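# Breakdown of the fold
Listed below, chain by chain, are the residues.
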Amino acid sequence: MTRPCNDSFLRALLKQPTAHTPVWLMRQAGRYLPEYRETRARAGSFMQLCKNPGLACEVTLQPLARYELDAAILFSDILTVPDAMGLGLYFTDGEGPRFERPLREEWAIRDLGAPDPWDHLRYVMDAVTEIRRALNNSVPLIGFSGSPYTLACYMVEGASSTDYRRIKGMLYDRPDLLHHILSVTADAVSAYLNAQIESGAQAVMIFDSWGGSLSAAAYDEFSLQYMQRIVGNLIKEKDGERVPSIVFTKGGGLWLESIANIGCDAVGLDWTIDIGEARRRVGERVALQGNVDPAVLFASPERIAVEARKVLDSFGPSRTGHVFNLGHGISQFTPPENVTALVDAVHQHSRILRRQS
């Protein structure tokens, strides 16, 4: 594995000095880009796009052709893992992802098994390999998965939810069943992320999108401990290079110290916490990723630059330990030109801060 020409993202995650603060965006390849919409139309459906390594590579590279981003992220979906478990993932326009066979019966939960990623998810590994080849060591490639609890939410609810009544009912009434789902899913995610690393991913990220809906005690028991198990199982080095990991819990600001202690290299932040305060709380244990409000991208380019500078100034004039990102995924309604304003502002202002430090 050859170190990328622009390795600032990897260096920042490992708390090594960088010439500027690296930036990438969650959901940077997506519906806000007209070229993505054209490719998706050619694919025929979202899942056909995900399962075609050539097209997945194409859309992964599209934002890098537009913007001076410091990392690429595999184009896929967090729900590929439960789909490979046999739950029957499908998408309905205007309604988001759904499962044909959600986990409602005890026998189905007891029968749940972790899929072999090299068999049932081979299309993802082929996409990783193809993307790495196409990047030609320009910037690093990020692999990812959903957290066990977030995946379990979809697996039990059968779709997205506003009240989580089925999974929380199970959590409180039959915690044994939920722990079984989470344990199997943690094993599946560990194998899945390691297969991505073996295929060429140079960093990996765990998206705990719904962990913030839990109580403090439930978060530790039903989300954090399983992410810690995954981080402990991850391949830490490939071809002589460290493979850093990022853990992101949306709404997880209350538990920053706990997240920082599970062994990951970086903690992702949403926009509800000041990044300077987060840095004071976690110290030098981990790097931080984040955390401007995605809605900032609906403002004028001038205002976007102001908000980017606020995040950078709050983190402080350090040469290391910060990856700039949104606090959650980019909106499909974002004007593409506004992303240019954000990326340019991050690079320009972070270089100024380094000259002052």
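Here is a short report on the structure shown in this document. (Residues numbered from 1 in each chain as written. Predicted model: local features only at pLDDT ≥ 70, side-chain atom pairs only at ≥ 80, totals over all residues. Heavy atoms only, no water.)

## Re the overall build of the protein
In plain terms, the rule: A run of DSSP states H or I qualifies as a helix once it reaches four residues; a run of E qualifies as a strand once it reaches two. Both are numbered from the N-terminal end. Atoms counted for the radius of gyration: C-alpha only. Globule rule: 2.2 Å times residue count to the power 0.38. Burial classes follow relative accessibility: with a 1.4 Å probe on protein chains only, a residue under 20% of its type's maximum area counts as buried, one over 50% as exposed, and anything between as partly exposed. We call two residues in contact when some of their heavy atoms are within 4.5 Å. A 1.4 Å probe and the Shrake-Rupley method give the accessible areas. Residues count as covered only by the protein chains that appear here. Residues scored as charged are limited to Lys and Arg (positive) and Asp and Glu (negative), so that His and the chain ends carry no count. A single reference atom marks each charge: NZ on Lys, CZ on Arg, CG on Asp, CD on Glu.
Each helix and strand counted, the protein has 16 helices and 11 strands in total. Relative to the globule expectation of 21 Å for 357 residues, the C-alpha radius of gyration of the protein, 19 Å, shows essentially globular dimensions. Structurally, the protein occupies a C-alpha span of about 60 × 45 × 40 Å along its principal axes. When each of the 357 residues of the protein is scored for burial, the buried share is 60%. Intrachain contacts of the protein at a sequence separation of at least 6 include 73% that bridge at least 24 residues. Total accessible area computed for the protein in this model is approximately 13,800 Å², and 48% of it derives from carbon and sulfur atoms. Here the protein contributes 37 positively and 42 negatively charged side chains, and the mean placements of these two sets differ by 4 Å.

## Remarks on the sheet that holds strand S10 (residues 287-289)
Put simply, the rule is: The pairing criterion for strands is at least two bridges between them, as found by DSSP.
Read across the open sheet, the seven strands follow the order S1-S4-S5-S8-S9-S10-S11; overall the sheet is parallel. Whereas interior strands pair on both sides, the edge strands pair on one side only; in this sheet they are strand S1 (72-73) and strand S11 (322-323). Where S1 and strand S4 (residues 141-146) come together, two bridges link them in parallel fashion. Looking at the pairing, Ala72 lines up with Leu141 of S4.

## Concerning the environment of Leu177
Considering the arrangement of structural elements, one finds Leu177 in helix H11 (residues 175-199). In this structure the C-alpha to C-alpha distance between Leu177 and Arg110, which are 67 residues apart in sequence, comes to 7.9 Å. Those residues in contact with Leu177 that lie beyond four places of it in its chain are Glu106, Ile109, Arg110 and Met170.

## A look at the packing of aromatic side chains
Put simply, the rule reads: Stacked, edge-to-face and tilted labels apply to pairs of Phe, Tyr and Trp rings (six-membered ring for Trp) whose centres lie within 6.5 Å, assigned for plane angles under 30 degrees, over 60, and everything in between, in that order.
Counting across every chain of the model gives eight aromatic pairs. Centre to centre, the rings of Tyr36 and Phe75 are 5.7 Å apart; their planes meet at 55°, and the pair counts as tilted. Of this pair, Tyr36 sits in helix H2 (residues 34-43) while Phe75 sits in the loop between S1 and helix H5 (80-87), and the two are 39 residues apart along the sequence. One exposure class covers both Tyr36 and Phe75, and it is buried. Three or more aromatic residues joined by ring pairs form one cluster here, namely Tyr36, Phe46, Phe75 and Phe91.

## Structural notes on the environment of Val286
You can see Val286 is positioned in the loop between helix H14 (275-282) and S10. Overall, Val286 belongs to the buried group, its relative accessible area being 4%. Expressed as a C-alpha distance, the spacing of Val286 and Arg37, which sit 249 residues apart in the sequence, is 36 Å. Other than its neighbours up to four places away in sequence, Val286 contacts Lys15, Ala260, Cys264, Asp265, Ala266 and Val267.

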